[in-house]
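Spelled out, the chains give:
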Amino acid sequence: MAFWLNNHQTKFIVLSAANILIFRSELCIMSGLMLLISLIDKKISIWRTIIVGFFSLISFIAISVLVDSYFWQYWLWPEGQVLWFNTILNKSHEYGVSPFLWYFYSAIPRALLLSLAIIPLGLIYQRHKTIKYFLVPTLGFVFIYSFLPHKELRFIIYIFPLLNTVAAKGIDDFRKIRLNKWMKNFIIFGLYIHLVINMIITLGFLHISSLNYPGAQALNKLHELEPKESKLSVHIDVFSAQTGISRFMELNRLNWIYDKSEGLKLGSEEMMNFSHLLVEAEYEDDPRLQPFMTTHRIQYFVKAYNGFYVSRSMFPLVKINQIPKIFILKKKLKKLKLVEFK
């Protein structure tokens, strides 16, 4: 971004290619819009763009394939697989679908909070440059990316430093306006106070977010409940894997087997072979637990965020509601029949 704004177009293309081909392929949309603006403004020629882009493409794909294939132990280009799955096959909807405008009416307001209302102030001075260099790439990126049915805040996280820059510019621009002294100071004070309010709300969101990873909490609890020397086999269901569990949490690989096989039927023989199960359920009589009640016992359950409510009688007034989300099941030991010899 800095290279683009400072008109170092070649460096911008090379670093953008590295970001896109090695780390996040969706950045091709934002970087593409920036490059399009540079081409329209004739800051770089089409031929130079093609030449630099081609060699960057070959170089960084090669680097990604060689490095990632070494760590995964088979040949692959990770961002190529992501692009193929999400865009070509259009299978991202398998992980959930959100409305087309979800980023605009939900994700962006929740991320920017009160700073969203200050962005228009950034258009007081140098409006044309602000729109072209900050708002067109960011909002254009979000609009185009909204065609992908599966949406998450992390997919557009790159736009917020740019939008916050516009908001910061707005505060600075407002300070230059000629206005009644008392009125101006009062508004500027409010602009600074909004940062404190944003921080308080963000801390609240941070706490709530920490309650959205019951899978990680469940696996950590299982590590506490069972000695690492024991021989265990743990099946991790899809919901548990999606809520915080990663390979970095597999602390006892020497003696434990961590299995994330999908598509196993509840109550099947394959499921019954595991000594421990992490199963998504919300109460003890949940139908998803019933197939295991004769073979396993409930060892522990983990609660997760389930909304909030306002309490008029207790402090703090805003209370967080949590309900069970994941149950840890342990296989029962088979009782041995004692035979009496005479």
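Caption draft 1: Here's a closer look at the pattern of salt bridges. This model, assessed by the stated rule, comprises 11 salt bridges. Residues Arg288 and Asp286 are paired through a salt bridge, measuring 2.9 Å at the closest nitrogen-oxygen approach. Using a relative accessible area of 29% as the deciding quantity, one classes Arg288 as partly exposed. A cluster of three or more residues bridged by salt bridges with shared partners is formed by Glu280, Asp286 and Arg288.

Caption draft 2: Molecular detail of the pairing of strand 3 (residues 276-280). Across the 5 residues that make up strand 3, a large majority, 4, are buried. Where strand 3 lies against strand 5 (residues 318-331), 5 bridges are found, and the strand directions are antiparallel. Within strand 5, the residue paired with Glu280 across the bridge is Ile326.

Caption draft 3: Inspection of the sheet that holds strand 3 at higher detail. Strand order in the open sheet formed by 5 strands is 2-1-3-5-4, with mixed pairing between adjacent strands. The open sheet has two edge strands, strand 2 (256-259) and strand 4 (296-310), and neither has a second partner. Across this sheet, the average inter-strand angle for adjacent strands is 20°, counted without regard to direction.

Caption draft 4: Spatial organisation of the side chain of Thr138. Looking at where Thr138 falls in the secondary structure, it is placed in helix 7 (residues 127-145). Judged by its relative accessible area of 0%, Thr138 falls in the buried class. Residue contacts for Thr138: discarding those within four places in its chain leaves Met30, Ile159, Leu162 and Leu163.

Caption draft 5: A look at helix 10 (residues 214-225). A rise of 1.5 Å per residue sets the reference length of helix 10, with its 12 residues, at 16 Å; its end C-alpha atoms lie 16 Å apart and thus fit the reference within 8%. What helix 10 keeps buried is the set Pro214, Gly215, Ala216, Ala218, Leu219, Leu222 and His223. The inward-facing, buried residues of helix 10 contact strand 1 (232-236), helix 11 (238-242), strand 2, strand 3, strand 4 and strand 5.

Caption draft 6: Quick peek at the packing of aromatic side chains. Taken as a whole and judged by the stated rule, the model has 13 aromatic pairs. Ring geometry for Phe54 and Phe55: centres 5.5 Å apart, planes at 80°, overall edge-to-face. For the ring pair Phe143 and Phe147, a centre distance of 5.6 Å and an interplane angle of 85° mean the geometry is edge-to-face. According to the relative accessible area criterion, Phe143 is partly exposed, its value standing at 42%. Pairwise contacts between aromatic rings join Phe141, Tyr145, Phe155 and Tyr158 into one cluster. Between Lys221 and the ring centre of Tyr300, over which it is positioned, the NZ or CZ distance is 4.8 Å.

What counts, and at which threshold
- Residues numbered from 1 in each chain as written.
- Predicted model: local features only at pLDDT ≥ 70, side-chain atom pairs only at ≥ 80, totals over all residues.
- Heavy atoms only, no water.
- Salt bridge = Lys/Arg side-chain N within 4 Å of Asp/Glu carboxyl O.
- Buried < 20%, exposed > 50% of the residue type's maximum accessible area, 1.4 Å probe, protein only.
- Helix = DSSP H or I, 4+ residues; strand = E, 2+ residues; numbered from the N terminus.
- Pairing = 2+ DSSP bridges.
- Axes fitted to C-alpha atoms, helices over the stretch in contact; angles between N-to-C directions.
- Contact = heavy atoms within 4.5 Å.
- Expected span 1.5 Å × (residues − 1).
- Phe/Tyr/Trp six-rings, centres within 6.5 Å; stacked < 30°, edge-to-face > 60°.
- Lys NZ or Arg CZ within 6 Å of the ring centre and 35° of its normal.

By themselves, these observations are geometric and do not establish any function.
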